[in-house]
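Coordinate inspection notes
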Amino acid sequence: MSEAAGTVVVIDDDYAMRLSCRKILEKTGFHVETFEDGIQGLEAIARLKPPLVVVDLKMPGMSGMEVIPRVRDIDPLIVVVVITGYATIDTAVEAMQNGAYDFLPKPFSPDELRLIVKRAMERHRLALESRQAEVERELMRRRFVTFVSHQLQTPLVAIHQYLDVLKQLDDSPEVQARRQEWFDRCLKRTEELQGIIKDWLTLSQLEGELARERVRVDLHQIVGDILATYEQMARAEGLTLENRLKENTCVVRGDRNCLSVLFDNLIVNAIKYNRPGGRVTVEGRAGNGEVFVSVQDTGIGIPEKYQAMIFDEFFRVKGEGAKTTTGTGLGLSICRRIAREVGGAVTVESQENVGSTFVVRLPAFREETAEARAAGGGL
Amino acid sequence: MSLESKKKILVVDDDADFVESVSLFLEHNNFTVLKARDGSQGLKVARMEKPDLILMDVMMNERTEGFFTVQEMRRTPELAATPIFILSALYETQAGFRVKPQSSWLAHDEFIAKPVDMQALLEKIRARLGARQAAAFPAEGA
């Protein structure tokens, strides 16, 4: 696109009109190039790629109506405004159907011209941004697909290789010695694969606009239910789980399933990355229309250099032995997404070998007015 | 076979399970296997141990970590001629991931898809190392 973002090309066979447009628009700060016929105008447009073209509909030779589609061929983002001598609706509508953004019936005042040009420029700016966003989105999508594919392939490859070697070297003593361990590793990697798929589906569902409920949710109950399901697992690791949330203190409006997923991911992490005999503590407070719930563990902690990245998809801090890196790398990005959707956030404070505290901030529950309910919002 | 004639293979891959199964297979076939978990460790080990052949995964922590590591290795005089096999779970034809086998900026010797066919890998390794062995004794009149 032309660097001269303030360039307007004016095409009109009437000298007085060209002069007048130039004077009005140059006064507003635009750079103006004028042409007396469509052919010359199009040549310049192809060269300059201006954001805006003003063209008279009635001209000898190539008419304005014929110019419009040719401008769009050069670049569909160029905004075209037509000047009409006959203020008939048909002509204007036909022009718009051919791709013009707006029309200006003669005679028009300087202010009318300026206003239309201002709106057209704004329209152009938005179209540019939207195209850029689309390109970025497509790039990200492709990168993401490659990334996901690699994440799914990795455990499958590991399992395949183990099975292949087990089969080929079945009677070798080294393999015999490792058999049981390798079977366990294969099973572990299968679980890893299932975890990735499950998280991936959760993320997809969050992306989609599946109807989500917007009800009153007491986080004390959600957290309580989650901790109860992990009671046995925690005891096996020698961990103590504690729910310090009080009833009716941390209450939000949202979808119970989504909020369960959010806290489930945090609590599972707190259990997984903990130490024997450690603790997982959930507490919370409310104030100023907001609710804060923290999930604290006494685990290995997160090195400071990684703390900003842990919410990114697929990011995992690699343990000293790669075998200790479990999990899918999607859990925290799911948490972040759920929180953001309701206008909240998840942050972390952590110290290596001391532990981590994840804090979830959410808007507090409020009775809704009829308008707010109609407008939708929240989860 | 005496210890001197055992060839050294360096495996650079961040998946410990993959390294374990492939290593055992290669050791069973009388190779000494060195291991590295990422590109920089791979570079360090390669410079120190001067392996006879290197197996390198292309995507470890970073998307192109393997490629950059190969470049660095080629810049090291002692490693400039070491055969390097690139391994990847993504295939050559996959969109966004095309590797022309003889790319001038990526002097690798083979591109091998994962999961790896172990027998085929073994044959390729032997062919490559066998050829080098033969080159150590120049043919008459060459």
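Quick caveat, the model's predicted, so the values are computed rather than measured.

This part covers the overall build of chain A. Each helix and strand counted, chain A has 11 helices and 12 strands in total. Put simply, chain A has 379 residues, and 32% of those count as buried. Restricting the contact set of chain A to residue pairs at least 6 apart, pairs at least 24 apart contribute 67%.

Take the overall build of chain B next. When helices and strands are tallied, chain B shows 4 helices and 5 strands. The order of helices and strands in chain B, counted from the N terminus, is β-α-β-α-β-α-β-β-α. Across the 142 residues that make up chain B, the buried fraction comes to 37%. Sequence separation of 24 or more characterises 66% of the internal contacts of chain B that already satisfy a separation of 6 or more.

This brings us to the confidence of the model for chain B. Residue and element names in this part refer to chain B. On average, residues of chain B score 79 in pLDDT, and 72% of them are at 70 or above. The low-confidence segment residues 92–99 (pLDDT under 50) makes 10 contacts with residues lying over four places distant or belonging to another chain. Scored as a complex, the prediction yields pTM 0.60 and ipTM 0.81.

With that settled, the discussion passes to the packing of helix α9 (residues 256–272) of chain A against helix α10 (residues 331–341) of chain A. All names here are of chain A. One way to put it is that α9 packs onto α10 with a least axis distance of 9 Å and a crossing angle of 145°. For the pair α9 and α10, the crossing hand works out as left-handed. Contacts from Cys258, Val261, Leu262, Asn265, Leu266 and Asn269 in α9 reach Gly331, Leu332, Ile334, Cys335, Ile338 and Ala339 in α10. Looking at the contact of α9 with α10 residue by residue, the classes come out as 9 nonpolar, 3 polar and no charged.

How large an interface is tends to be reported as the accessible area lost when its parts come together. In this assembly, 23 residues from chain A lie in contact with 21 residues from chain B. When residues of the side of chain A that touches chain B are assigned to their parent elements, the largest contribution, 14 residues, is made by helix α5 (residues 110–168) of chain A. Taken together, the residues of the side of chain A that touches chain B break down into 7 nonpolar, 10 polar and 6 charged.

Moving on, we come to the confidence of the model for chain A. Chain-level statistics for chain A give a pLDDT mean of 87 and a share of 91% at 70 or above. A low-confidence stretch, residues 320–324 of chain A stays under pLDDT 50, and its non-local contacts, those more than four residues away or across chains, total 7 contacts.

Before going further, it helps to spend a moment on the sheet that holds strand β12 (residues 355–363) of chain A. All names here are of chain A. The strand order across the open sheet formed by 5 strands is β7-β9-β10-β12-β11, and the pairing between neighbours is mixed. Since the sheet does not close on itself, it has two edges, and those belong to β7 (240–243) and β11 (345–351), each with one partner. Averaged over all pairs of adjacent strands, the angle between strand axes in this sheet comes to 15°, irrespective of strand direction. Pairing of strand β10 (residues 290–297) with β12, which is carried by 7 bridges, proceeds in the antiparallel orientation. Residue Gln296 lies in a different strand from β12, and its bridge partner there is Thr357.

This part takes up unusual backbone geometry. All names here are of chain A. Each neighbour pair has its own omega, and for Lys106 with Pro107 the value is -5°, a cis peptide bond. Tracing the sequence through the fold places Pro107 in the loop between β5 (102–105) and α5. Positive phi, close to 60°, is recorded for Asn248, a residue that is not glycine. In this structure, Asn248 sits in the loop between β7 and β8 (251–254). Notably, Asn288 is not glycine yet its phi reads approximately 60°, a positive angle. As for its placement among the helices and strands, Asn288 is situated in the loop between β9 (279–287) and β10.

Note on placement: A:Ile45 falls in helix α2 (residues 38–48). The spatial distance from the C-alpha of A:Ile45 to the C-alpha of A:Val9 is 7.3 Å, given a sequence separation of 36 residues.

Our next topic: helix α3 (residues 65–75) of chain B. Among the residues of α3(B), B:Glu65, B:Gly66, B:Phe67, B:Thr69, B:Val70 and B:Met73 are the ones counted as buried. Where α3(B) is buried, its residues touch β1 (8–12), α2 (39–49), β3 (53–57) and β4 (84–88) of chain B.

The next thing to look at is the sheet that holds β1(B). As a general point, the strands of a sheet are linked pairwise by backbone hydrogen bonds and lie either parallel or antiparallel. Residue and element names in this part refer to chain B. Read across the open sheet, the 5 strands follow the order β2-β1-β3-β4-β5; overall the sheet is parallel. Since the sheet does not close on itself, it has two edges, and those belong to β2 (32–36) and β5 (110–113), each with one partner. Direction aside, neighbouring strands of the sheet carry axes that sit 20° apart on average. As paired elements, β1 and β2 share 5 bridges and run parallel to each other. By the bridge assignment, Val12 is partnered in β2 with Ala36. With respect to the sheet, α2 is in contact with β1, β2 and β3, its orientation differing from that of β1 by roughly 165°.

What follows covers the environment of A:Asn288. A residue is classified by how many C-beta atoms lie within 10 Å of it, and A:Asn288, with 7 of them, is exposed. Along the backbone, A:Asn288 and A:Ala364 are 76 residues apart, and their C-alpha atoms lie at a distance of 8.5 Å.

Let's shift gears to the packing of helix α1 (residues 15–27) of chain A against α5(A). All names here are of chain A. Taken N-terminus to C-terminus, the directions of α1 and α5 make an angle of 65°; their axes are 10 Å apart at the nearest point. As α1 packs across α5, the resulting crossing turns out to be right-handed. Along the contact surface, α1 presents Cys21, Ile24 and Leu25, while α5 presents Pro110, Leu113, Arg114 and Val117. Classifying every residue of the contact of α1 with α5 gives 6 nonpolar, no polar and 1 charged.

Residues and elements named next belong to chain A. Between its first and last C-alpha atoms α1 spans 18 Å; for 13 residues at 1.5 Å apiece the expected length is 18 Å, and the two agree. The set of residues buried in α1 consists of Arg18, Cys21 and Leu25. One face of α1 carries all of its buried residues, which in axial projection span an arc of 70°. Pointing more than 90 degrees away from the buried face of α1 are the exposed residues Tyr15, Ala16, Lys23 and Lys27. Phi for Gly29, located one or two positions after α1, is positive at around 105°.

Rules used in this analysis
- Residues numbered from 1 in each chain as written.
- Chains lettered and ligands numbered in written order.
- Predicted model: local features only at pLDDT ≥ 70, side-chain atom pairs only at ≥ 80, totals over all residues.
- Helix = DSSP H or I, 4+ residues; strand = E, 2+ residues; numbered from the N terminus.
- Buried ≥ 20, exposed ≤ 12 C-beta atoms within 10 Å, placed from the backbone.
- Contact = placed C-beta atoms within 7 Å.
- pLDDT = per-residue confidence, 0-100.
- Axes fitted to C-alpha atoms, helices over the stretch in contact; angles between N-to-C directions.
- Left-handed = near helix turned anticlockwise from the far one by under 90°.
- Nonpolar A, V, L, I, M, F, W, Y, C, P; charged D, E, K, R; others polar.
- Pairing = 2+ DSSP bridges.
- Expected span 1.5 Å × (residues − 1).
- Arc of directions from axis to C-beta.

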